[in-house]
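# Observations on the three-dimensional arrangement
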Amino acid sequence: NMNHKRIQFVSDALVEQIISGRKTASVSSLEEVAVQEDEYNDALVVGEYYDVYDSAYNLRATIRIVAMELCRWDAIPERLWKGETNQSAEEFRQDHMDYFVNPDPLFEFVAYYFEKVPADGVR
């Protein structure tokens, strides 16, 4: 769909979690949320539809971003860690320590929440 934006996740395992409906959240740094990184990674915008590509640039799913929120490292929302398929806020922190390069407790980042769009529900 030409009106859709594009998004690619760092691993195909994450794409599989989106397809199965388990992963419903992800994160971005404050600097990157509004930036188009490349042809396969558009800026993140609430309400927009994104075609999800895997590492081989195959279209695998379509999602719609339904919410974004400003988060702090020392106060990870339950909605975020569950949406990231973690069992706890602590597990989320362990999983994202390297991604955010050892953030301090007051470090802020953006969480975004999405819904997988069924094939017949795509605009």
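The rules behind the values
Residues numbered from 1 in each chain as written. Predicted model: local features only at pLDDT ≥ 70, side-chain atom pairs only at ≥ 80, totals over all residues. Heavy atoms only, no water. Helix = DSSP H or I, 4+ residues; strand = E, 2+ residues; numbered from the N terminus. Rg over C-alpha atoms; globule rule 2.2 N^0.38 Å. Buried < 20%, exposed > 50% of the residue type's maximum accessible area, 1.4 Å probe, protein only. Areas by Shrake-Rupley, 256 points an atom, 1.4 Å probe, with all protein chains shown as cover. 1 Å grid on protein atoms, 1.4 Å probe; cavity = no way out; pocket = protein on both sides within 12 Å on 5 of 7 lines; lining within 4 Å. Points joined across faces, edges and corners; volume = space filled by probe spheres on them. Nonpolar A, V, L, I, M, F, W, Y, C, P; charged D, E, K, R; others polar. Arc of directions from axis to C-beta. Contact = heavy atoms within 4.5 Å. Pairing = 2+ DSSP bridges. Axes fitted to C-alpha atoms, helices over the stretch in contact; angles between N-to-C directions.

So, on to the overall build of the protein. If you tally the helices and strands in the protein, you get three helices and five strands. The linear arrangement of helices and strands in the protein, starting from the amino end, is β-α-β-β-β-α-α-β. Radius of gyration (C-alpha) of the protein: 14 Å, near the 14 Å computed for a compact globule of 123 residues. Along the first, second and third principal axes, the C-alpha set of the protein runs to 40 × 30 × 25 Å. Per-residue burial for the protein yields a buried fraction of 43% across its 123 residues. A total of about 7000 Å² of accessible surface is found on the protein, and carbon and sulfur atoms cover 48% of it.

Of the volumes computed, that of the largest pocket is approximately 570 Å³. The wall of the largest pocket is formed by 23 residues, among which Val-10, Ser-26, Val-27, Tyr-99 and Tyr-112 lie closest to the centre. At three residues, the largest contribution of residues to the lining of the largest pocket is made by strand β2 (residues 25–28). Of the residues belonging to the lining of the largest pocket, the class tally is 10 nonpolar, seven polar and six charged.

Since there are 3.6 residues in each turn of an α-helix, residues three or four apart along the chain are aligned in direction. Buried within helix α3 (residues 89–96) are the following residues: Ala-89, Phe-92, Arg-93 and His-96. The arc that holds the buried residues of α3, viewed along the axis, is 100°, so those residues lie on one side. Looking at the packing, one finds that the buried side of α3 touches β2, α2 (78–83) and β5 (108–116).

What follows concerns the sheet that holds strand β1 (residues 5–8). Sheet architecture is open: five strands sit in the order β1-β3-β4-β5-β2, paired in mixed fashion. Lying at the two open borders of the sheet, with one neighbouring strand each, are β1 and β2. Sheet twist, expressed as the mean angle between neighbouring strand axes with direction ignored, is 45°. Note: β1 against strand β3 (residues 49–53), four bridges, orientation parallel.

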